[in-house]
Amino acid sequence: MKIRVKVNGKPYEADVEPRTLLAYFLRETLKLTGTHIGCDTTTCGACTVLLDGKAVKSCTILAVQADGREVMTVEGLEKDGQLHPLQAAFWEEHALHCGYCTPGMLMASYALLQENPMPTEEEIRFGLSGNVCRCTGYMNIVKAVQSAARKLSVESREAVGEVATSGTAAD
Amino acid sequence: MALPQTEMRPMGKPILRKEDPRLIRGKGRYVDDILLPNMLHLCILRSPYAHARIRRIDTSKAEAAPGVKLVLTGEDLAKMNLAWMPTLAGDVQMVLATDKVLFQYQEVAAVVAETRAQAEDAIQLIEVDYEPLPVVVDPFKALEPEAPILREDKEKKSNHIWHWEAGDREETEAIFREAPIVVKQDVRFQRVHPSPLEPCGCVADYNTATGKLVFYVTSQAPHVHRTAIALTTGFPEHMIQVISPDVGGGFGNKVPVYPGYVVAIVASLKLGVPVKWIETRTENIASTHFARDYYMTAEIAATEDGKMLALRVKTIADHGAFDATANPTKYPAGLYSIVTGSYDFKAAFVEVDGIHTNKPPGGVAYRCSFRVTEASYLIERVVDIVARRLNMDPVELRLRNFIRKEQFPYRSPTGWVYDSGDYEKTLKLALERIGYEELRKEQAEKRARGELMGIGISTFTEIVGAGPSHSFDILGIKMFDSAEIRVHPMGKVIARLGVRHQGQGHETTFAQIIAEELGLSIDDVVVEEGDTDTAPYGLGTYASRSTPTAGAAAALCARRIRDKARKIAAHLLEVNEDDVVWDGAAFSVKGLPGRSVTMKDVAFAAYTNVPDGIEPGLEATYYYNPPNLTFPYGAYIAVVDIDKGTGAVKVRRFLAVDDCGNVINPMIVEGQVHGGLTEGFAIAFMQDIPYDADGNCLAPNWMDYLVPTSLDTPRWETDRTVTPSPHHPIGAKGVGESPNVGSPAAFVNAVLDALAPFGVEHIDMPIYPWKVWKILREHGITE
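Because the structure is a prediction, the values reported are computed rather than measured. (Residues numbered from 1 in each chain as written. Chains lettered and ligands numbered in written order. Predicted model: local features only at pLDDT ≥ 70, side-chain atom pairs only at ≥ 80, totals over all residues. Heavy atoms only, no water.)

Help me out: how do you make sense of the packing of helix α2 (residues 85-92) of chain A against helix α5 (residues 139-159) of chain A in this one?
Pairs of packed helices are described in terms of their axes, by the angle between the two and the distance that separates them. Residue and element names in this part refer to chain A. As a packed pair, α2 and α5 sit with axes 8 Å apart at the nearest point and diverge in direction by 140°. Taken together, the axis directions place α2 and α5 in an arrangement best described as oblique. Relative to α5, the crossing made by α2 is right-handed. Contacts between α2 and α5 involve P85, L86, A88, A89, F90 and E92 from the former and I141, A144, V145, S147, A148, K151, L152 and E155 from the latter. Looking at side-chain class alone, the contact of α2 with α5 contains ten nonpolar, one polar and three charged residues. (Axes fitted to C-alpha atoms, helices over the stretch in contact; angles between N-to-C directions. Helix = DSSP H or I, 4+ residues; strand = E, 2+ residues; numbered from the N terminus. Parallel < 35°, antiparallel > 145°, perpendicular 65-115°, else oblique. Left-handed = near helix turned anticlockwise from the far one by under 90°. Contact = heavy atoms within 4.5 Å. Nonpolar A, V, L, I, M, F, W, Y, C, P; charged D, E, K, R; others polar.)

Pasting the structure below:
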């Protein structure tokens, strides 16, 4: 089947087998291997991407279901050579060890902050509970999301002029 | 973009990880990310039966299926003498079954096709005629005379594999005969699986033009894999390049060689194109090597005032169908004889019997230095029961029996020489930080109100960092490790090591060691691991051995470079070598601090201005054979509350005070502790792989094999004391496994402490709510 899908802002057209899962389409057809696969039961969330802005597990979505829609993967987070505040925070807070869950965690966190820009620790733990990390024990992931939320909040207040960009007392 | 990290003297600092910039961008390169031209895909057909004779395999329909390029059975491999392969424990294991299968999900046949989906379709067209045989799941029943003999291929016609013992039987029994108090307890350590987020997999790429086999594999021990492949296949070792790219977690799961690897290699050799095999989660849990599965009985002889005198341990070890422990050759039960722990017993005797059953092979050391977790859990659990019987506080009993700091180096009754420790100091810090006295008061008040609160202690000692080579080998290869450092003319460094990290941060910590030793900045050093064509030979990363062995090799290799640099510095400073001093940043002339040259000056001179009689260049290699193991330890305290209505245990607080010697990067050490505690928590409360009487695996996926999420996982509190290892070049000991080794006992002790009013002394892990609920109901608690 022919599908048209926009991935990280770029339009693609491809002919896919109807049974092709979105995760395999991204990884093998588009060579966007940042989206990982860790289980077969929609448990681990390593394959989390955004479909029209909503976090989905791409191992449980068919590529044909993405036809005419927009997908964002971990490769789409960095803009103009600038890491997204979530990426920077994961680095600064040591929120990854092996890195295999990281793309899915980042995308689930991104979706969470879109819905709830300043989540509490409990809300973060609930929001990321569909994503498994076997290495970190989650504490630093929670810290990273909190830190990114603070940064994003300052950035958005700066954008609407609420905070003096050169001020010393920001945040 | 990279954050600027021009840190000089980086040792002991929380340097941000050098591996992260690629991983946070989704630009890591894990084995499934390797996409090669003309690559084919392999899928494996597995047995639905735990024990069955194979009467016939018909592959004709699969061969005719769309996209199929090759179908392989055990018979095909037998023609190449590859139907069986050696395990790391000196046994053999079937690659693809020939005459019978010995566990459910065992490898039976394989299909190679153009796409993974086609291969998966085709394996379902293979017809296998099985004749079911009686199944043996329970290792005790496996020893009964009427039990069917599972391994008909072996000379020994018994399900008993080996008997192993340590310590002094007679001395121990003499003490038991006289002892006023004997406490005995059966303790089970259930079958679990490391289950890293990235399953196992490989790409075998045989190049018909060059005759070279490049084997990409998610491996913790790439050099061992290269040698094992050469031994198994007869393929010349210098024509095999093993590349272990980014590894998505290992925890022991990625030490062994699995049948899928051998099949992928055979397929690539036959077809002359790359062949990829990536297992599913079910294949990972149900066929790659499990961990633990020990049935342990411990007895402690003690005096009435709480002096523990002797320890006696008897254990049945379920090894499944093939003995495939990743243990050093001389230690079929690994380092289990560390079971005397942190306590000064006069005598100890430990015996273990390995048994075959119709279950997957193993067991690997899951975030553990070879059966140390089993040992630690056992002693810490039973010491608590001794305290209970003597009506003593578990802290008091521990303090009374600790090996005292002046006793180090301490020879244990099972023969280990502990390097260093101050157990009392570490426990006292933990008690103070958690507020032990106040917690006991709170508990007394709650008990008076009928509430269930428990405090659990674990004061464990680990044994990590194998070698030394005189005692430790795998497949005959001595357990050393290695580093090679090349200093380029501009003073930039590439270092390669024989280990292979899976998230431990070696690219950062080993760069810290080398930069510190060479007086360079952290950004001047790149660390590379995982490519057997470039890295020096090493035994790999497991058993918390990387820092004790390869970390030592990195430091000593850098010092070897510094020795040569000193000669070149003397030439540049125009003085005698004896007059050159190194201050950590530069070489200067003794008594003339103004005249100095840096390592960068020396590096340039090594290629441009070398004095006569000195070899040009600035490179070194070091193979480090450790003189002893290292003995990290810790004091962990768990505080739990139990819901009487549901039996659910809530871990309210958990404090881990670790002593892993000198710390290279405190951020990474803390991260390792968080991760290890989470796996210890999972084992205590969630993870278990049960089998039914027919040998069906009841938890072959992550819906039934429960791995903790962010909602399940408690908040961790950490602290540390520092008691350097006296024999390690930088005084480090290793830490990655301590929290997983030490924590299960703290959790379980806390639950049993909460249930103390009911006289319950032990519950086997995992402590599911229903187990607690049942006990509460039995004691009339119905709230």
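So what exactly am I meant to see when it comes to the domain arrangement of chain A here?
Where interface size is given, it is often the accessible area lost as the parts come together that is meant. All names here are of chain A. Domain assignment breaks chain A into domain 1 (2-76) and domain 2 (85-159). Computed over C-alpha atoms only, the centres of domain 1 and domain 2 are separated by 21 Å. Domain 1 puts 16 residues into the contact, and the matching count from domain 2 is 13 residues. Both faces considered, domain 1 and domain 2 share a buried interface measuring about 1,100 Å² in area, 65% of it formed by carbon and sulfur atoms. Of all residues in domain 1, H36, T48 and V74 bury the most surface against domain 2, accounting for 37% of the area lost on that side. Linking domain 1 to domain 2 there are zero salt bridges. Joining domain 1 to domain 2, the criterion identifies six residue pairs in polar contact (both at pLDDT 80 or more). Mapped by element, the contributors of at least two residues to the side of domain 1 that touches domain 2 are β3 (48-51) and β4 (54-57). Considering every element that reaches the side of domain 1 that touches domain 2, the biggest residue donor is β3, with three residues. (Domains from an automatic or database assignment. Buried area = accessible area lost by both parts, 1.4 Å probe. Salt bridge = Lys/Arg side-chain N within 4 Å of Asp/Glu carboxyl O. Polar contact = N/O pair within 3.5 Å; in protein donor to acceptor, adjacent residues only side chain to side chain.)

Even after reading the chapter, I still don't get the pattern of salt bridges, so can you show me in this structure?
Residue and element names in this part refer to chain B. Throughout the structure, instances matching the rule amount to 75 salt bridges over all chains. A salt bridge links E717 to R433; the shortest N-O distance between them is 3.9 Å. With a gap of 284 residues between them, E717 in strand β33 (residues 717-720) and R433 in helix α12 (residues 423-434) connect regions that are remote in the sequence. Overall, R433 belongs to the partly exposed group, its relative accessible area being 34%. (Buried < 20%, exposed > 50% of the residue type's maximum accessible area, 1.4 Å probe, protein only.)

I tried to follow the side chain of T414(B) on my own but got confused; where do I start?
Residues and elements named next belong to chain B. Following the sequence through the fold, T414 ends up in the loop between β19 (410-411) and β20 (417-418). On the accessibility criterion, T414 (13% relative accessible area) is buried. Side-chain polar atoms of T414 contact the backbone oxygen of S337, separated by 2.7 Å.

Explain the side chain of T357(B) here, please?
By the element assignment, T357(B) lies in the loop between β17 (347-355) and β18 (362-364). The exposure class of T357(B) is buried, given its relative accessible area of 0%.

Looking at this structure, how should I read the sheet that holds strand β21 (residues 452-461) of chain B?
Paired through backbone hydrogen bonds, the strands of a sheet run either parallel or antiparallel to each other. All names here are of chain B. Ordered by their spatial adjacency, four strands build an open sheet running β21-β31-β32-β33, and the pairing between neighbours is mixed. Both outer strands of the open sheet, β21 and β33, are each paired with one neighbouring strand and no more. Across this sheet, the average inter-strand angle for adjacent strands is 15°, counted without regard to direction. Here β21 pairs with strand β31 (residues 633-642) via ten bridges, running antiparallel. The partner of L452 across the bridge, within β31, is I642. Each of β21, β31 and β32 (649-659) touches helix α18 (residues 738-754); the most contacted strand, β21, lies at about 150° to it. (Pairing = 2+ DSSP bridges.)

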